[in-house]
Amino acid sequence: MNYPYEIRILCDILLCTLTHKKIRDDISFDAGILERIIRSQGITLSVYPALKSFNSGSLHELRERLTGQYYADLAQTIRQQSEGAELLDALEENHIDHIALKGWVMKKLYPEPTYRNMSDIDILVRDYDYNIISDIMAQKGYTSECESSWMHDTFLKGKINIEMHKRLTDDSGVICRWERSMWEHARLAEGKKHEYLMSDEDYLIFHMIHMHKDYVNGSLGLRRLLDLWYYLQVKKGRLDSKYLNETFREMKLFTFVKKMTDLSRSLFGSRPLDDDGRILIGYIAENGIYGTERTYKLGRMVSRSASSKLLGKIRSFTDAIFLPWDRMKAHFPILRKYPVLLPVMWMRRILGHLRHADKYVSKLNYSNISDSDYQKMKKIFKAGGIL
């Protein structure tokens, strides 16, 4: 699979923003194709600063195409920074231990925080109590439908979306144990008594856990790979590689992490691009940062059975309804005390799906997945170190 020439140009533009690498002003490319990729990857803020000095040619045309989106994204990120800072202060004032996650941390490592788009503001709360959290959020003008059995609750105010996490993942076993130990490694932010920062290693581990989860659900975003490459550059020589390698091996993520690290270094560093990298870049360019409903279905199918499309469909469908024991305990904590209620909780999930049938029917319908789609996703999974 060949990857678009525009991806190489895009990576050079991103490097110009982050490292001031020079771009030739006479390069020629299809600005329409590159605009589509940039918008689908949610990286307008990371691209536009490098384009400001060009007044002619393809780079100028690209800037003109992105100007409206750039100022909309800039206004959003400024609102996010203001709202996020106020919310962290509110949690501190209410003596609630918490850790800001994902983009909130990564933005601060960029040359300017406004150089990175952020979809949501994610915050992990220790000893999570929905009633207390919802009261604080209501005081700040946020609304929420109800408490979720998922790993986070969503609060909205206008275009600002806050995800308040009660846990980082719904995984069990090694990943669950790592999450508990993560708090032991965390340190207090300067001048704070309740705002914590993950250790550098644990931030990277969570980044890769989250990337892996999205990957098996059919998405791989360029922004995540840029973050990975830049994080490793910023933290170079300061990470405990022994702890990282041992943890990734225990989580069975070691090969995936290596593949993604190699890919990021091919995109933004000097590592030669191999055949697996070409497959993955084509996949990124085609599907955007969040993937599509089709790639979501294919990811679930292949991750549950790489040997049979039919078996992958069946397992994907049943797993969506009848979650395994450890996942059910995460969704329904009452099961820890009363495990006999498992069938009741399964029925509760089924009824919940039926109440929102319009939302789930299309996701659970795998009839439009072809054999060629399935085989193509198998190659993508193999290229990413999953199979």
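For the structure given in this document, a descriptive report is provided here. (Residues numbered from 1 in each chain as written. Predicted model: local features only at pLDDT ≥ 70, side-chain atom pairs only at ≥ 80, totals over all residues. Heavy atoms only, no water.)

The phi dihedral of His20 is positive, around 65 degrees, even though this residue is not glycine. Mapped onto the elements, His20 comes out in the loop between α1 (5-19) and α2 (31-41). Its identity is not glycine, yet His95 carries a phi of approximately 60 degrees, on the positive side. Relative to the assigned elements, His95 resides in the loop between α4 (57-93) and β1 (98-100). (Helix = DSSP H or I, 4+ residues; strand = E, 2+ residues; numbered from the N terminus.)

It is the contact of helix α13 (residues 293-304) with helix α14 (residues 309-321), at a shortest axis distance of 8 Å, that shows an interaxial angle of 105 degrees. Here α13 is positioned roughly perpendicular relative to α14, judged by the angle of their axes. When α13 is examined against α14, the residues Arg300, Met301 and Arg304 are found in contact with a partner set consisting of Lys309, Gly312, Lys313, Arg315, Ser316, Asp319 and Ala320. (Axes fitted to C-alpha atoms, helices over the stretch in contact; angles between N-to-C directions. Parallel < 35°, antiparallel > 145°, perpendicular 65-115°, else oblique. Contact = heavy atoms within 4.5 Å.)

Looking now at the pattern of salt bridges. What the rule picks out here adds up to 24 salt bridges. For Glu83, the salt bridge identified is with Lys157, shortest N-O distance 3.0 Å. With Glu83 in helix α4 and Lys157 in strand β3 (residues 152-157), this pair connects stretches of sequence that are 74 residues apart. Residue Lys157 is classed as partly exposed on the basis of its relative accessible area, which comes to 27%. Taken together, the shared-partner salt bridges connect Glu35, Arg39, Glu61 and Arg65 into one network. (Salt bridge = Lys/Arg side-chain N within 4 Å of Asp/Glu carboxyl O. Buried < 20%, exposed > 50% of the residue type's maximum accessible area, 1.4 Å probe, protein only.)

With that out of the way, let us pick up the side chain of Ser266. Tracing the chain through its elements places Ser266 in helix α11 (residues 254-268). From its side chain, Ser266 meets the backbone oxygen of Pro272 in a polar contact 3.2 Å long. Dropping the residues within four chain positions of it, Ser266 is found in contact with Arg8, Arg271, Pro272 and Leu273. (Polar contact = N/O pair within 3.5 Å; in protein donor to acceptor, adjacent residues only side chain to side chain.)

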